[in-house]
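Structural description and commentary
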Amino acid sequence: MSTVTRRRVAGQGSNSDDDTMNSPNPDSTQHNPLAEKKVAYDPRDIDESKSTPKLTLMEEVLLLGLKDKQGYLSFWNDSISYALRGCIVIELALRGRIAMVKDSNRRKYPLCDRYIEVINENLTGEVLLDEALKMMKVSEKMSVSSWIDLMSGETWNVMKIGYQLKQVRERLAKGLVDKGVLRTEKRNFLLFDMATHPVADPAVKEEIIKRVCTMLVTRVSPASVDAQSDVPHAYVRTISMICAAYAANVLENALLYLQQDLREQAFNKVDELMNDYSSWPFTSSNGKVEIPTGTDLSLEVVASVLNVLAKMDAIL
């Protein structure tokens with residue numbers, strides 16, 4: 001039985017689909033007393049910032065890996081699960097929820113072994129992010145690599161098996177269905193039926209692919225990318241998505257339409273980005289990345305996760 005938790009969609013009730021189907025005239029709701037009712041909520045329960053990205057890093061990486069028409073990932077991909085847990089940590093850091101523990105002695109330790117802590121307890125409205133945030137809040141302080149391992153179930157400690165995040169790919173797909181990016185279908189695979197999630201809005205995936213190709217085959221500066229977006233850390237966010245997709249073995253899907261020489265150039269660029277952004281402070285050949293005041297410890301977490309993902313071949 002599925003244990004998927006469906007996300008609340010802003011401005012939409014749980015029976016909105018039924019209301020739309022059963023109402024022949026959209027104006028008929030104007031005289032409906034039920035339509036005038038307001039739903040009470042605690043503003044501290046969810047982040048409604050206008051600068052919040054439409055899709056999380058995990059959802060973008062999953063989209064790159066999904067087959068558009070078939071609606072499922074490659075059965076032979078054993079890297080994406082670990083990479084998605086890394087994306088959860090990066091997303092929490094980019095949203096200012098977690099940061100490195102501010103201790104000058106941390107520099108004595110490798111980047112991936114430095115402890116992180118919760119600095120903002122406000123929920124994000126994304127189920128997986130909030131589940132991870134709550135675990136980090138009540139848990140002892142642990143390193144980035146430890147958190148990714150535990151959320152992936154990579155531990156022999158039976159006392160910490162409860163930290164594993166389960167059904168991450170299916171829950172992300174359900175979230176994308178809620179956002180109108182995917183749809184749900186049933187497919188028969190010889191001995192069993194399986195829910196699949198084909199792409200319903202190709203424009204969303206095409207925008208991600210365009211962003212990836214632009215970053216890898218043209219020269220763009222961090223300042224220009226940040227200036228064109230209202231989302232904080234837009235340049236670092238895109239770099240993180242590309243590096244995570246590379247570690248998850250799904251980046252190639254975004255480069256299929258490039259010519260062979262451009263594809264090779266793109267993969268060389270990814271290696272360069274992975275080296276530049278898996279160390280702290282960042283070292284970028286495209287220009288200096290501006291670090292807003294008070295966010296350095298959170299961005300250090302991003303570098304730490306990329307450091308872990310860069311070593312995935314040795315981990316898996």
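Some details on the overall build of the chain
Check the secondary structure of the chain and you find twelve helices and five strands. Buried positions account for 45% of the 316 residues belonging to the chain. Within the chain, contacts between residues at least 6 apart in sequence are counted, and of these 69% link residues at least 24 apart. For the chain, the accessible area works out to roughly 17600 Å², and carbon and sulfur atoms hold 51% of it.

What to know about the packing of aromatic side chains
Think of a pair of aromatic rings as described by two things: how far the centres are apart, and how the planes are tilted against each other in angle. Per the stated rule, a full pass over the model turns up five aromatic pairs. Considering the side-chain rings of tyrosine 235 and tyrosine 277, the 6.2 Å spacing of their centres and the 55° angle between planes classify their relative orientation as tilted. You can see tyrosine 235 sitting in helix α9 (residues 234–247) and its partner tyrosine 277 sitting in helix α10 (residues 260–277), a full 42 residues away along the chain. A relative accessible area of 0% means that tyrosine 235 is categorised as buried.

Regarding the pairing of strand β2 (residues 115–118)
Examined bridge by bridge, strand β1 (residues 98–100) and β2 share three bridges and lie antiparallel to one another. Along β2, the bridge assignment pairs alanine 99 with glutamate 117. Both β2 and strand β3 (residues 142–143) contribute to a ladder of two bridges, which runs antiparallel. Each bridged residue has a counterpart across the sheet, and for isoleucine 116 the counterpart in β3 is methionine 142.

What about helix α4 (residues 127–138)?
For α4, which comprises twelve residues, the first-to-last C-alpha distance of 17 Å matches the rise-based estimate of 16 Å (1.5 Å per residue) to within 8%. Within the sequence span of α4, burial applies to Leu128, Leu129, Asp130, Ala132, Leu133, Met135 and Met136. Looking at the buried positions of α4, the neighbouring elements they touch are α2 (57–65), α3 (80–94), β1, β2, α5 (144–152) and α6 (168–178).

Observations regarding the environment of lysine 102
Looking at the secondary structure, you find lysine 102 in the loop between β1 and β2. With 13 residues separating them along the chain, lysine 102 and tyrosine 115 place their C-alpha atoms 9.1 Å apart.

Things to note about the nonpolar core
Core analysis: the largest hydrophobic core is formed by 89 residues, its most contacted members being Leu63, Val89, Ile98, Ile116, Val212, Leu216 and Val301. Counting residues per element, this core draws most heavily on α3, at eleven residues. Setting aside anything within four residues of it in sequence, one finds leucine 216 in contact with Ile242, Leu251, Leu255, Gln265, Ala266, Lys269, Val270 and Leu273.

What to know about the confidence of the model for the chain
Looking at the chain as a whole, the pLDDT averages 84, with 82% of positions reaching at least 70. Averaged pLDDT values over the elements of the chain bottom out at 41 in helix α1 (residues 16–22) and peak at 98 in β1.

Let's talk about the sheet that holds β3
Spatial ordering of the open sheet is given by β1-β2-β3, a layout of three strands whose pairing is antiparallel. One side of each edge strand has no neighbouring strand; the edge strands of this open sheet are β1 and β3. Lying on the sheet, helix α11 (residues 296–310) is in contact with β1 and β2; it crosses β1 at an angle near 80°.

Quick notes on the packing of α5 against α11
Any two packed helices are characterised by the angle at which their axes cross and by the distance between the axes. With their axes 9 Å apart at the nearest point, α5 and α11 run at an angle of 60° to one another. As far as their axial angle goes, α11 and α5 are oblique. Our pair here, α5 against α11, has a crossing hand that is right-handed. Each of Val144, Ser145 and Ile148 in α5 lies in contact with α11, whose residues at this interface are Val301, Ser304, Val305 and Val308.

What about α5?
Most of α5 sits out of view: seven of its nine residues are buried. Among the residues of α5, those classed as buried are Val144, Ser145, Trp147, Ile148, Leu150, Met151 and Ser152. Where α5 is buried, its residues touch α3, β1, β2, α4, β3 and α11. Positioned one or two residues after α5, glycine 153 has a phi angle of 85°, which is positive.

Some thoughts on unusual backbone geometry
Most peptide bonds take the trans configuration, and most residues that are not glycine carry a negative phi. That bond from tryptophan 280 to proline 281 is cis: its omega, 0°, falls within 30 degrees of zero. Following the sequence through the fold, proline 281 ends up in the loop between α10 and α11. Unlike most non-glycine residues, glutamine 167 shows phi in positive territory, near 55°. As for its position among the elements, glutamine 167 is in the loop between α5 and α6. Look at glutamine 167 and you get partly exposed, because its relative accessible area is 35%. We note that asparagine 249 has phi near 60°; this positive angle belongs to a residue other than glycine. Note on placement: asparagine 249 falls in the loop between α9 and α10. Looking at asparagine 249, the relative accessible area reads 53%, which means it is exposed.

Conventions adopted
Residues numbered from 1 in each chain as written. Predicted model: local features only at pLDDT ≥ 70, side-chain atom pairs only at ≥ 80, totals over all residues. Heavy atoms only, no water. Helix = DSSP H or I, 4+ residues; strand = E, 2+ residues; numbered from the N terminus. Buried < 20%, exposed > 50% of the residue type's maximum accessible area, 1.4 Å probe, protein only. Contact = heavy atoms within 4.5 Å. Areas by Shrake-Rupley, 256 points an atom, 1.4 Å probe, with all protein chains shown as cover. Phe/Tyr/Trp six-rings, centres within 6.5 Å; stacked < 30°, edge-to-face > 60°. Pairing = 2+ DSSP bridges. Expected span 1.5 Å × (residues − 1). Core = buried A, V, L, I, M, F, W, Y, C linked by side-chain atoms within 4.5 Å. pLDDT = per-residue confidence, 0-100. Axes fitted to C-alpha atoms, helices over the stretch in contact; angles between N-to-C directions. Parallel < 35°, antiparallel > 145°, perpendicular 65-115°, else oblique. Left-handed = near helix turned anticlockwise from the far one by under 90°.

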